Amino acid sequence: MADNSKSLTNLPEWKALEAHYAKVGKTHLRELFAADPKRGEKFAVEAAGIYFDYSKHRVTSGTVNHLCDLAEASGLRGRIEAMFTGEKINLTEGRAVLHTALRTPKGATVTVDGENVVPHVHAVLEKMEKFSEKVRTGEWKGHTGKAIRNIVNIGIGGSDLGPVMAYEALKSYSQRGLTFRFVSNVDGADFAEAVLDLDPAETLVIVASKTFTTQETMTNAETARDWALKALKDRAAIAKHFVAVSTNAARVSEFGIDTANMFGFWDWVGGRYSMFSAIGLSTMIAIGPKHFREMLAGAHEMDEHYRTAPFEENIPALMGLLGIWNNNFLGAQAIAVLPYEQYLKRFPAYLQQLTMESNGKRVTLDGRAVDYQTSQIYWGEPGTNGQHSFYQLIHQGTKLIPCDFIAFSKTAHALGRHHDLLMANVFAQAEALAFGKTADELKKEGVKDWLVPHKTFEGNRPSTTMLLDELTPEALGRLVALYEHSVFTQGAVWQIGPFDQWGVELGKALAGRIAPELEAAAEPELRHDSSTNALIRRYRGRR
Ligand code: F6P
């Protein structure tokens, strides 16, 4: 029998938050700011290079205390230690969860099954460095003797989203003479377009797959192999044009890639937590080993902050807890991630997998169905583009969508007024969301009565503003680690397991069953539901 006394909603700390919400939940941000002229500074924390202003959330210091009490009661402190010290906290897969070890400095000790993993991490990093330098300097030659000019990363999910996000984010640090393409979708258009203008003799393909069994990645990798062999006409060319990043050496060599050209990682690195492992090989080739190390150092700095800071000053813990407050008490089911930095254009997509594949769960670690909301829906676009698209709904729609604004004091491109205008917009949006515009204010401005309801902004829309100095590799490392640990914080409080993803398996299995039915020469006997049967027949008849 499940022990319901341990259920989240039965905890006294949860009940205290419910009572607290009944008292303060309806207080408008205008009142909160009016009551305390120093609120803007009081509800802000600075650590690991991030100024985290959460004053525009509908919280009082009482709320923060209650949320921190909930984190304590949920055993968050112990769970953090369990993660960092290599306990097998991924229960359903029986694995440790040690993406933090990927950015641990040389000489440290992190033990899994009695073995220190840190020397292994650094051995792979060194192998990656040697290889990256060879590619970057042109020393690594293709089969015909030409230097490599194009890198195509083939992977999906965590083996794509982290690398492509990091490449885009750090483009201003990248070696511009090299072209990078990322292929993920099993839709042939993705591969075809990616290689359309590339010469196979100058192209290096990185097949990035933890398992080396993922249908999309293996299909794209086989197509890439055919594409390369068609031009290079010699199987020996594979050794010069294909490398693998994987935990599965047997499958890599079966595919035809020499395991000397394989960069390994370990089962304790989850796919969506893998961009700092060898999965980041394309990132390292793009930005160089020194900058890659800086990115690791930034993430490590955030790891240390998360591990040691008291919750009320702990940015990832606060971010996670504010999400819980908004989601479970204010009823906000989504979060908009709004980087005011064009280079972070793929950051929301990256976060979608990190957050929703991790905490999109409906049972607790001990198998009880939850009776509360888990992961919010994450989406977003860079500012200011989103302002001319979906912000209308955030300002005046019927849904409450808290926003994460991410901005930088310095820009890589100081062009005229651009950066000041960008920053004016991010500050203005957070201000408008919080304070809105009242009917009285509009009337005083002479707005006609009939227009007043349309022009009224209710305000009281929560947001966080994260202000960093500059989008450097270090800053990117800090930001990614911040969101990783925020996800962890929420998983711990919600009592769910953030490190498995059983929800993607059923679709994979069914696609595996349907593919031969589509490909069969003779009409197959279909045993699906009537809708699926009809769709399959229609497709077979018309393709
Ligand atoms: O979508 C499921 C998933 O297993 C993700 O968790 C993972 O990032 C992705 O597929 C790719 O897996 P692999 O790296 O093994 O190809």
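So, here's what we can say about the structure. Only a predicted model underlies this, so the values are computations on that prediction, with no experimental measurement involved. (Residues numbered from 1 in each chain as written. Predicted model: local features only at pLDDT ≥ 70, side-chain atom pairs only at ≥ 80, totals over all residues. Heavy atoms only, no water.)

So, on to the packing of helix 5 (residues 76-84) against helix 13 (residues 289-308). Contact pair helix 5 / helix 13: the axes reach a minimum separation of 9 Å and the direction vectors enclose 140°. As judged from the angle between their axes, helix 5 and helix 13 are oblique. Packed against helix 5, whose contacting residues are Leu76, Arg77, Ile80, Glu81, Met83 and Phe84, the element helix 13 presents Asp303, Tyr306, Arg307 and Thr308 at the interface. Classifying every residue of the contact of helix 5 with helix 13 gives 5 nonpolar, 1 polar and 4 charged. (Axes fitted to C-alpha atoms, helices over the stretch in contact; angles between N-to-C directions. Helix = DSSP H or I, 4+ residues; strand = E, 2+ residues; numbered from the N terminus. Parallel < 35°, antiparallel > 145°, perpendicular 65-115°, else oblique. Contact = heavy atoms within 4.5 Å. Nonpolar A, V, L, I, M, F, W, Y, C, P; charged D, E, K, R; others polar.)

Right, let's get into the packing of helix 5 against helix 20 (residues 473-494). Where helix 5 contacts helix 20, the axes come no closer than 10 Å and their chain directions differ by 125°. On the basis of the axis angle, helix 5 is oblique to helix 20. Of the two possible hands of crossing, helix 5 and helix 20 adopt the one that is right-handed. Counting all contacts with helix 5, which are made through Leu76, Arg79, Ile80, Met83 and Phe84, the residues of helix 20 involved are His485, Phe488, Thr489 and Ala492. A class-by-class count of the residues in the contact of helix 5 with helix 20 yields 6 nonpolar, 2 polar and 1 charged. (Left-handed = near helix turned anticlockwise from the far one by under 90°.)

Once that is clear, we can look at the packing of aromatic side chains. According to the stated counting rule, one finds 23 aromatic pairs in the structure shown. Where Phe131 meets Phe263, the ring centres are 5.3 Å apart and the plane angle is 50°; that geometry is what we call tilted. One end of the pair, Phe131, is in helix 6 (residues 118-137); the other, Phe263, is in strand 9 (residues 262-264), with 132 residues separating them in the sequence. For the pair formed by Phe131 and Phe263, the shared burial category is buried. For the pair Tyr306 and Phe488, a centre-to-centre distance of 6.5 Å together with 90° between the ring planes defines the contact as edge-to-face. Placement of the pair is Tyr306 in helix 13 and Phe488 in helix 20, with a sequence separation of 182 residues. When its relative accessible area of 0% is taken as the criterion, Tyr306 is described as buried. (Phe/Tyr/Trp six-rings, centres within 6.5 Å; stacked < 30°, edge-to-face > 60°. Buried < 20%, exposed > 50% of the residue type's maximum accessible area, 1.4 Å probe, protein only.)

Among the surface-exposed residues, Asp69, Glu72, Glu312 and Glu313 lie close enough to one another that they form a single negatively charged patch. Residue classification places Glu72 among the partly exposed residues on the basis of a relative accessible area of 47%. (Patch = residues over 30% accessible without salt bridge, like charges linked within 9 Å, V, L, I, M, F, W, Y side chains within 5 Å. Areas by Shrake-Rupley, 256 points an atom, 1.4 Å probe, with all protein chains shown as cover. Salt bridge = Lys/Arg side-chain N within 4 Å of Asp/Glu carboxyl O. Lys, Arg positive; Asp, Glu negative; His and termini not counted. Charge placed at Lys NZ, Arg CZ, Asp CG, Glu CD.)

Read from one edge of the open sheet, 6 strands run 1-2-13-12-10-11, paired in mixed fashion. The sheet terminates laterally at strand 1 (44-47) and strand 11 (377-379), the two strands that pair on one side only. Across the sheet, the mean angle separating the axes of adjacent strands is 15° when strand polarity is ignored. Here strand 12 (residues 403-408) pairs with strand 13 (residues 463-468) via 6 bridges, running parallel. Of the residues in strand 13, the one forming a bridge with Asp404 is Thr464. (Pairing = 2+ DSSP bridges.)

In the vicinity of the ligand there are 15 residues, among which Gly158, Ser159, Ser209, Thr211 and Thr214 approach most closely. At 2.8 Å, a backbone N or O of Lys210 approaches an oxygen atom of the ligand. Measuring from an oxygen atom of the ligand, one finds a side-chain N or O atom of Glu357 at 2.8 Å. Out of a free accessible area of 390 Å², the ligand has 87% covered by protein chains. (Near = heavy atom within 4 Å. Polar contact = N/O pair within 3.5 Å; in protein donor to acceptor, adjacent residues only side chain to side chain.)

It is worth spelling out unusual backbone geometry at this point. Following Gly383, the chain continues to Thr384 via a peptide bond in cis, the omega torsion being 10°. For Thr384, the location among the structural elements is in the loop between strand 11 and helix 16 (391-396). Phi at Ala48 is positive, roughly 45°, even though this residue is not glycine. Relative to the assigned elements, Ala48 resides in the loop between strand 1 and strand 2 (50-53). Given the relative accessible area of 11%, Ala48 is considered buried. If you check the backbone angles, Asn460 has positive phi at about 65° while not being a glycine.

Another aspect to go through is the pairing of strand 10 (residues 334-339). Moving residue by residue along a regular strand, the side chains alternate between the two faces of the sheet. Burial analysis of strand 10 places 6 of its 6 residues in the buried class, the great majority of the element. Alternating residues of strand 10 divide into Ala334, Ala336 and Leu338 and Ile335, Val337 and Pro339, and every residue in both groups is buried. In this structure, strand 10 lies alongside strand 11, joined through 3 bridges in parallel fashion. Looking at the pairing, Ala336 lines up with Trp379 of strand 11. Considered for its hand, the β-α-β crossover made up of strand 10, helix 15 (residues 347-359) and strand 11 is right-handed. Note that strand 10 and strand 12 share 4 bridges and pair parallel. Of the residues in strand 12, the one forming a bridge with Ala336 is Cys403. (Right-handed = clockwise from strand over helix to strand, strands pointing away.)

The 5 strands lie next to each other as 6-5-7-8-9, forming an open sheet whose pairing is parallel. Of all the strands in the sheet, just strand 6 (179-183) and strand 9 have a single pairing partner and so form its edges. If you compare each strand with its neighbour and ignore which way they point, the axes differ by 20° on average. Contacting strand 5 (150-154), strand 6, strand 7 (203-208) and strand 8 (242-246), helix 9 (residues 215-232) runs over the sheet at an angle of about 160° to strand 7.

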